[in-house]
Amino acid sequence: MNKYIFASSNQNKLLEISTQLLDIRLLSLLDVGYYDEIIESGSTLRENALIKSKTIYDKYSIPTIADDTGLEVYQLDGRPGVFSARYSGEKANATDNIKKVLDEMQGITDRRARFKTVICLKSKSQEIFFEGIVEGCISNESSGDGGFGYDPIFIPNGCQKTFGEMSLDEKNKISHRSRAIQKVVDYLNI
Ligand code: IMP
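Starting afresh in each chain, residues are numbered from 1 along the sequence in its written order. Totals for whole chains, interfaces and linings use every residue, but because this is a predicted model, local features are given only for residues with pLDDT of at least 70 and side-chain atom pairs only at 80 or more, for both listing and counting. The basis for every side-chain value is the complete set of non-hydrogen atoms in the structure, without hydrogens or water.

**Considerations on the side chain of aspartate 68**
Secondary structure is summarised from DSSP: a helix means a run of H or I of at least four residues, a strand means a run of E of at least two, and numbering begins at the N terminus for each. Mapped onto the secondary structure, aspartate 68 falls in strand β3 (residues 64-73). Judged by its relative accessible area of 3%, aspartate 68 falls in the buried class. For aspartate 68, the side chain forms a polar contact with the side chain of asparagine 48, separated by 3.4 Å. Apart from the residues lying within four places of it in its own chain, the contact partners of aspartate 68 are Glu40, Leu45, Asn48, Ala49, Lys52, Val82, Lys116, Thr117 and Val118. Buried residues are those whose accessible area, probed at 1.4 Å on protein chains only, stays under 20% of the maximum for their type, while exposed residues exceed 50% and partly exposed ones sit between those limits. Whenever two N or O atoms come within 3.5 Å, that pair is a polar contact, provided that in protein one can donate a hydrogen and the other can accept it, and provided that, for residues adjacent in sequence, both atoms are side-chain atoms. Contacts were defined at the residue level, with two residues in contact if any of their heavy atoms lie within 4.5 Å.

Shown next as structure tokens:
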């Protein structure tokens, strides 16, 4: 089985993608003993995905997959976007970030938003990017304790509940990340 590193310490992301990457040996950062923080200094999701995958590839010389994801709210000019992780401050947690989005959305009726994932697959010979998007809207209040991050305030189009109210399986059927990972699966033919 070919080995790949997933360049993230986010266990939720790892759980989500490992259900689709069954025919490769997927190593986490913990598996390879990488504990440092990777500074996401890029100004786009694509730049950050490249920074993460290149940092790990350069250290271990094992093909590396990195995911950078943002929530883009139409009436907030695409924010939090690339700043999703630290939207309400450097030490912000998901609850703080959700509160900031809901506060900013007060009184706004057009609540359209989307999640975008950019994945970079870095190997010796190449850097390839894959994108996955899911359109939806921001709920009026936080709901559900499944998933992670902004999941409790995002209702995908065609659904009556937030990602936070869905099982892993339900989210994975339609999510931005699963769409991007499916492109990786197709590309690698696995
Ligand atoms: P990053 O891709 O790890 O930089 O994540 C950026 C921010 O978006 C973090 O605050 C994550 O919690 C959040 N985030 C990333 N992926 C998801 C998701 O699938 N659902 C909800 N929030 C997410």
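**Some thoughts on the sheet that holds strand β4 (residues 112-122)**
Overall, mixed pairing links the six strands, which are arranged β2-β1-β3-β4-β5-β6 in an open sheet. Among the strands making up the open sheet, the edge pair consists of β2 (25-27) and β6 (154-156). On average, adjacent strands in this sheet sit at an angle of 35 degrees to one another, irrespective of strand direction. Two strands qualify as a pair provided DSSP detects at least 2 bridges between them. In this sheet, β2 lies alongside strand β1 (residues 3-6) in parallel orientation, the contact comprising three bridges. Of the residues in β2, the one forming a bridge with lysine 3 is arginine 25. Angular values range over 0 to 180 degrees, each being the angle between N-to-C directions of two axes fitted as lines to C-alpha atoms, with helices fitted over their stretch in contact.

**Concerning unusual backbone geometry**
Proline 80 follows arginine 79 through a cis peptide bond whose omega is -5 degrees. If you check the backbone angles, serine 61 has positive phi at about 55 degrees while not being a glycine. Among the secondary structure elements, serine 61 is positioned in the loop between α3 (45-60) and β3. The phi angle at aspartate 77 is positive, at roughly 55 degrees, despite the residue not being glycine.

**Comments concerning helix α6 (residues 176-188)**
Any helix carries an expected span of 1.5 Å times its number of residues minus one. Helix length check: α6, at 13 residues, gives a terminal C-alpha distance of 19 Å against a target of 18 Å (1.5 Å per residue), a fit within 8%. Of all the positions in α6, only His176, Arg177, Ser178, Ala180, Ile181, Val184 and Val185 are classed as buried. Where α6 is buried, its residues meet α1 (11-18), β3, β4, β5 (127-138) and α5 (168-174). Taking the backbone nitrogen of arginine 177 as reference, a side-chain oxygen 3.3 Å away marks serine 175 as the first, capping residue of α6. Directly after α6, the chain includes asparagine 189, whose backbone phi takes a positive value near 60 degrees.

**Overview of the nonpolar core**
Take the buried residues of types Ala, Val, Leu, Ile, Met, Phe, Trp, Tyr and Cys, join any two whose side-chain atoms come within 4.5 Å, and each joined set is a nonpolar core. With 17 residues, the main nonpolar core has Leu71, Ile138 and Tyr150 as its most contacted residues. Only β3, α4 (94-104), β4 and β5 provide two or more residues apiece to this core. Tallying contributions element by element places α4 first for this core, with three residues. Not counting residues up to four positions away in its chain, the partners in contact with leucine 71 are Gly78, Arg79, Pro80, Gly81, Ser84, Ala113, Arg114, Phe115, Ile138, Tyr150 and Phe154. Counting residues in hydrophobic clusters, the runner-up holds 16 residues, among them Leu26, Leu121, Ile128 and Ala180.

**Re the state of the cysteines**
Counting rule for disulfides: a pair of cysteine sulfur atoms within 2.5 Å. Considering all chains together, one arrives at zero disulfides under this definition. Residue cysteine 137 stays outside any disulfide, its sulfur separated by 9.9 Å from that of cysteine 159, the closest cysteine. Residue cysteine 137 is classed as partly exposed on the basis of its relative accessible area, which comes to 26%.

**A word on α4**
Taken as a whole, α4 has its buried residues at Asn97, Ile98, Val101 and Leu102. The arc enclosing the buried residues of α4, seen along the axis, measures out at 130 degrees, which places them on a common side. Turned more than 90 degrees from where α4 packs its buried face, Thr95 and Lys99 sit exposed. In this structure asparagine 93 caps α4, since a side-chain oxygen of it lies 3.1 Å from the backbone nitrogen of threonine 95. Here the arc refers to the set of directions running from the helix axis out to each C-beta atom.

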